[in-house]
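# Remarks on the overall topology
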Amino acid sequence: MNEPRIKSIDYSLYYGEFQALRNITVDIPRNRITAIIGPSGCGKSTFLRSFNRMNELIPSVRTEGRVLLDGENIFEQEVVNLRKKIGMVFQRPNPFPKSIFDNVAYGPRIHGRKDKSNLARIVETSLKSSALWEEVKDDLGRSALSLSGGQQQRLCIARALAVEPEVILMDEPASALDPVATLRIEELITTLKENYTIVIVTHNMQQAARVSDYTAFLLTDEARAGNLVEFGPTKEIFTTPKDKRTEDYISGRFG
């Protein structure tokens, strides 16, 4: 594996006195899809949100250890610039109550892109990258809220892509969608890894097996803190796991 895009080193996170993550060390490879799996409450989303410092929106949060992006400590970076590099797609589609065009152009405008022709190019490129352009290109002034759930989620992916990130975090991006829309999102994720490093949280074992190249399995310890049990190529994790707890979880014996 090449030099990792993201690296956590003895990383722990606390909500007040409660420890949610304990001493997690993992290398997330560039231009690959890494899935984070584990039972409810094991810290998957908390770990994912650590990478773009979303957890800092909660007042009682504190961290120990380091998280590196391309070798640089993310906690020493300006948070707005960090979130430009690391985009996020949430569990439920959350388009702004604006037009399709304005949803995608929102981020570039915030970062100072004002030229109309330049914004139009960014919007088109982003919608093409999210496999939505052909469905909406003739009506970009339409409200984003009028799109179907699957289309809204692809719009949110386009919105994340519009600021030209290096990493895309996805927190169960298909859990609120029907099977057909889920398949579209999975196909899209697979094509995006050519240009982006993707980290996805999923409860769906089949989805993790289908789309990811690497898998991290988290599990809580006796104190309810999330620990990294095992990390490796997805094929190995799902066929020949090294830890009995991984095997038990993947085979459905618990969780």
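Residues numbered from 1 in each chain as written. Predicted model: local features only at pLDDT ≥ 70, side-chain atom pairs only at ≥ 80, totals over all residues. Heavy atoms only, no water.

Here we come to unusual backbone geometry. Despite not being glycine, Asn23 shows a phi value in the positive range, around 50 degrees. Among the structural elements, Asn23 can be located in strand β2 (residues 18–28). Positive phi, normally seen in glycine, also occurs at Asp70, with a value near 50 degrees. Within the fold, Asp70 resides in the loop between β4 (61–69) and β5 (72–73). (Helix = DSSP H or I, 4+ residues; strand = E, 2+ residues; numbered from the N terminus.)

Turning to the nonpolar core, a few remarks are in order. Judged by nonpolar contacts, the single largest core of 27 residues is most densely connected at Phe47, Phe51, Leu169 and Leu218. Among the secondary structure elements, those contributing two or more residues to this core are β1 (6–15), β2, α1 (44–50), β4, β6 (86–89), β7 (167–171), β8 (197–201) and β9 (214–220). With five residues, the top contributor of residues to this core is β2. Within the second largest apolar cluster, 26 residues are counted, among which are Leu161, Ala181, Ile189 and Leu219. (Core = buried A, V, L, I, M, F, W, Y, C linked by side-chain atoms within 4.5 Å. Buried < 20%, exposed > 50% of the residue type's maximum accessible area, 1.4 Å probe, protein only.)

Quick look at the packing of aromatic side chains now. Taken as a whole and judged by the stated rule, the model has six aromatic pairs. Centroid distance Tyr11 to Phe47: 6.4 Å. Interplanar angle 40 degrees. Geometry classified as tilted. One end of the pair, Tyr11, is in strand β1; the other, Phe47, is in helix α1, and 36 residues separate them in sequence. By relative accessible area, Phe47 is classed as buried at 1%. (Phe/Tyr/Trp six-rings, centres within 6.5 Å; stacked < 30°, edge-to-face > 60°.)

Tracing the sequence through the fold places Arg5 in the segment before β1. Once residues within four sequence positions are removed from consideration, Arg5 is found in contact with Ile28, Pro29, Arg30, Leu68, Leu69, Asp70, Glu166, Val167 and Thr197. (Contact = heavy atoms within 4.5 Å.)

One can describe the packing of helix α3 (residues 100–110) onto helix α4 (residues 116–129) by two numbers: an axis separation of 9 Å at closest approach and a directional angle of 110 degrees. On the basis of the axis angle, α3 is roughly perpendicular to α4. Here α3 runs over α4; the crossing is right-handed. The segment α3 lies against α4, with Ile100, Phe101, Val104, Ala105, Pro108 and Arg109 engaging Leu119, Ala120, Ile122, Val123, Ser126 and Leu127. The residue inventory of the contact of α3 with α4, partitioned by class, reads ten nonpolar, one polar and one charged. (Axes fitted to C-alpha atoms, helices over the stretch in contact; angles between N-to-C directions. Parallel < 35°, antiparallel > 145°, perpendicular 65-115°, else oblique. Left-handed = near helix turned anticlockwise from the far one by under 90°. Nonpolar A, V, L, I, M, F, W, Y, C, P; charged D, E, K, R; others polar.)

Spacing of three or four residues puts side chains on the same side of an α-helix, whose turn is 3.6 residues. Of the positions making up α3, those classed as buried are Ile100, Asn103, Val104, Ala105, Gly107 and Pro108. Buried residues along α3 sit in contact with α4, α5 (133–136) and α6 (149–161). One or two steps after α3, the chain reaches Gly112, where phi turns positive at roughly 100 degrees.

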